[in-house]
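# Inside the fold
If you want the building blocks of each chain, they are given just below.
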Amino acid sequence: MKDRIKLTDMSRQDRKPLTHLENEDLMPLPYPLDSPEKDHAWAILSEKVTGSVECGLDDTCAINIPQPKTKEEEDELVRKFLAGLDKLFTRENNWTFLQPLVLSMEHCAKCQTCSQACHIFEASGNDELYRPTFRSELVRRLYFKSVKHGGALSAWQHGDIEINWPLVARLAELAYRCNLCRRCAQTCPIGADNGLVAHELRKLFSQELGINAKECHDNGSVLQLKVGSSTGMSSLVVKDNIEFIDEDMMDRTGIKVETPWDVEGADVLLIHNAGEILAWPENPGAFALVLSAAGIKWTLSSELAGYDSINYGLWYDDAQFARVAIKHAQAAKKLGVKKIVLGECGHAHKALSVIADRVLTGDLNIPRESSMTLLRDIVMNGRLTLDPSRNAFPVTLHDPCNLVRLMGVVEPQREIVRKICPEFREMEPHGVDNYCCGGGSGFAIMSGNNFQDWRFHVSGRKKMEQVLNAFADCMDPSINKYICAPCSNCKGQFRDMLAYYDLWNKNRILYGGLVELIVNCMVDAKPGFIDWEWH
Amino acid sequence: MSVLVYLALGAGTAVFAVATAARAWMYARAPIHLRWELYPVPHEDPEKVKHGGSYFEDKDWWTRKRHYNLAGELRVMVPEMLFLKALREFNRKLWYRSFPFHFGLYILAGTCGLVFVAAVAGLAAPALMAGPLGTILQWVYTVSGVAGMALAMVGAVGLLHRRLTDADLKTYTTAGDVFNLLFFLVAFGVLTAGILLRSPGDPSVVALVQGLLTFDRTLQVPGLLAAGIVLCALLAAYIPLTHMSHFVGKYFTYHDVRWNDQVNLRGSAIEAKLTEYLTYRPNWSAAHVGADGKRTWADIATTNPWEGAKK
Ligand code: SF4
Ligand code: SF4
């Protein structure tokens, strides 16, 4: 049995990882992934990486912090970290989350009720490093020691912690071993929130030290604010791509589709996660077809960020978050639309509907609605003629955390699926008790070093178990199966996981969005919209 | 001795009240944070609460009347407060220890209330309290006192045992956590012993409270009972200074965070607050934030440092 990691190990001076996972250590999976020895071996970090960046936490490295060259550099980084920690607890710097953060610092009873709720902890075989409270307890000790200037009495009461660069570097990495799904918070009897602590830690590193995940910052929010989309597509390119998608929709469905751009006074400004346009073009295509067929007066916007709903600042940086949210609202304001409707992207839903609700004031506070409710309205009110027998294959529904547990949009998508998918089956648990896909909080787009290995083996494991259980009665490859995941990031995670375990080729498990299922059973469309061979 | 006991009781109660109020005030005056709710939110429409839904499930939700279902909140809050429902659901092993401890404390708090009532009534209407009503009241607070004390002590021993033996808890247990539980056990133990081992001529608990109310310095309080009272008073003063004040914190974590789905409407009080916060001047150091201590959050959020920059 492995030695249990202690909190004090985080301050260990060497750069050796604190834990190492073997496939045998992990939570077992059901058939056909039930033999750990047949599972992929993890890629090992190269000597170049271990010799140049901080990776003293575990088997992987998410954010590539360069190793400081001198003790002075280390001390300066520690000083900045502590200054940032102080700022997290001031109104001026962190009014956005001050109250919940202080509550989580002050009142955790250390009862560990939250641990079993965390899919990462469970999937890791209960590795102490991934316990939801491990990270929070370190931050809590730092809070009492450094922010509240606790002396010996405080250390006796709250526990001590040695503050040094190895601790700070490991904490930065550890902030990126949590999906921010907040399933743990749901079970906490006190209402303490370990997901929030990870979120705030990420913010501290980004806003004070400029340390963040490249995929979320440089290639994410910065690129979006620079060219309009984290995909790198400018408005010209995106229009070209959409034109191509419209043509493709005509070929595939026999229905003419023309996506409207920049229509002033439209009822609906639809904002997709622009990743859909490149990775899953059938999704924006299906939206265009359904909205037009239902007679909705809608438009896309070609304004900067107005055609890409992503807002990665949600996961790591309040300033970036607010900038992007304002860009979205400005795009809607410029067109004078009645409402913004968010396409199938969970984090974009929560970002603009829930979190930005207290950022957007005055005339930027334009109503925002979920595409789930709009689609439900269209489907349930009979605005399209649908033939559910075209969807006669096993379908299960994934609940994106941001859309469901964190926003309360649970039933609209279910009403649709129940109506149009005769072989629908739920995952267990589902709804607000769902498990994260494992790609949440940016992981789905993070693949530096061997991070994907960790993401597939650990953070995505529980969801994979749920999927395999949901389809346990029809694993035979003669039966096509569909995971309906109405979220781009979740789809990214499913795409990668299914490919990693070759579950399409071996067991015919496909994934896709919700609106595709609607088009797939539209009587007016040519049959076979869902392309089972494309995956 | 009696003066010391009165002072301890008065000071313990005062510190408890002031520190609890100060903590509540600290949380209550914190800025309205960005929304961070967790579903289900029990004050929603009961039909939605069944599956954890929100008003976002309604088309054009901003045009509809909002629900605030107090009964729904109470249906969750009352079992949570009284019976620690979440712990029972998600951590049954700990609940077997934590529930008797907490429920014992509630009963003891109720007992204190009853003893106080009996003391005041005894002073105001001695004849009434000498009759059957007084006898009934005495029975009730004696039984509740014994039950409360027994439950709290059994729970505290159970919690301490688990804290010291369960490997999952041990990593996170500090000397202070062990001390807290021991403090309960010692204070309650000494108080119980002080009450049980009184001599026939010693004052009753009600007489003690009456002594406090009339500041009767002639009252002879036996040493062990006095020690028990002083320890309990110290405990009462200590609790709100520690994480054990979660009875305060929990109100805010539930109402202000988990269940706070209040919409920011144009022209609302929330919007006015937000407008104020947007004038705050942060001083985060990372270059991309662009905070220099002079620029406001509004300046920062409406500046796009990369607009027009080449890819
Ligand atoms: S966060 Fe909540 S559930 Fe987890 S240990 Fe702390 S009090 Fe217990
Ligand atoms: S937020 Fe999710 S991933 Fe993070 S600790 Fe909690 S349960 Fe685990």
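Residues numbered from 1 in each chain as written. Chains lettered and ligands numbered in written order. Predicted model: local features only at pLDDT ≥ 70, side-chain atom pairs only at ≥ 80, totals over all residues. Heavy atoms only, no water.

## What to know about the environment of leucine 85 of chain A
Residue and element names in this part refer to chain A.
- Its place among the elements puts leucine 85 in helix α2 (residues 71-88).
- Among the residues examined, leucine 85 registers a relative accessible area of 0% and is labelled buried.
- Once the C-alpha coordinates of leucine 85 and valine 147 are considered, the two residues, 62 residues apart in sequence, prove to be 7.1 Å apart.
- With sequence-adjacent residues up to four places away left out, leucine 85 is seen in contact with Leu142, Tyr143, Ser146, Val147 and Leu204. (Helix = DSSP H or I, 4+ residues; strand = E, 2+ residues; numbered from the N terminus. Buried < 20%, exposed > 50% of the residue type's maximum accessible area, 1.4 Å probe, protein only. Contact = heavy atoms within 4.5 Å.)

## Overview of the sheet that holds strand β5 (residues 395-397) of chain A
Residue and element names in this part refer to chain A.
- With parallel pairing, four strands are arranged side by side in an open sheet as β6-β5-β7-β8. Sheet topology places β6 (424-425) and β8 (509-512) at the edges, where each strand pairs with a single neighbour.
- As paired elements, β5 and β6 share two bridges and run parallel to each other. Paired with valine 395 across the strands is phenylalanine 424, a residue of β6.
- Here helix α18 (residues 411-420) sits on the sheet and contacts β5 and β6; the angle it forms with β5, its principal contact strand, is near 175 degrees.
- In this fold helix α21 (residues 488-500) packs onto β7 (481-484) and β8, with an angle of close to 160 degrees to the strand it touches most, β8. (Pairing = 2+ DSSP bridges. Axes fitted to C-alpha atoms, helices over the stretch in contact; angles between N-to-C directions.)

## Looking at the domain arrangement of chain A
Residues and elements named next belong to chain A.
- Examined at the domain level, chain A breaks down into domain 1 (7-209), domain 2 (217-376) and domain 3 (386-520).
- Computed from C-alpha atoms alone, the centre-to-centre distance between domain 1 and domain 3 is 28 Å.
- Taken together, the contact pairs 41 residues of domain 1 with 35 residues of domain 3.
- Area buried by domain 1 at its contact with domain 3 is led by Leu33, Asn179 and Arg183, which between them contribute 18% of it.
- Inspection of the domain 1/domain 3 interface yields two salt bridges. (Domains from an automatic or database assignment. Buried area = accessible area lost by both parts, 1.4 Å probe. Salt bridge = Lys/Arg side-chain N within 4 Å of Asp/Glu carboxyl O.)

## Topic: the environment of leucine 7 of chain A
- Relative to the elements of secondary structure, leucine 7 of chain A occurs in the segment before α1 (47-52).
- Expressed as a C-alpha distance, the spacing of leucine 7 of chain A and isoleucine 190 of chain A, which sit 183 residues apart in the sequence, is 22 Å.
- Contacts of leucine 7 of chain A, omitting those with residues within four sequence positions, involve Phe134, Glu137, Leu138, Arg141 and Ile161 of chain A together with Thr171 and Tyr172 of chain B.

## Regarding the packing of aromatic side chains
- Tallying each qualifying case throughout the model produces 39 aromatic pairs over all chains.
- Residues tryptophan 95 of chain A and tyrosine 277 of chain B carry aromatic rings whose centres are separated by 5.1 Å and whose planes lie at 40 degrees to one another, so their mutual orientation is tilted. Note that tryptophan 95 of chain A is positioned in the loop between α3 (91-94) and α4 (98-107) and tyrosine 277 of chain B in helix α13 (residues 269-277), a pairing that runs across two chains. As far as the burial class goes, tryptophan 95 of chain A and tyrosine 277 of chain B line up, both buried. (Phe/Tyr/Trp six-rings, centres within 6.5 Å; stacked < 30°, edge-to-face > 60°.)

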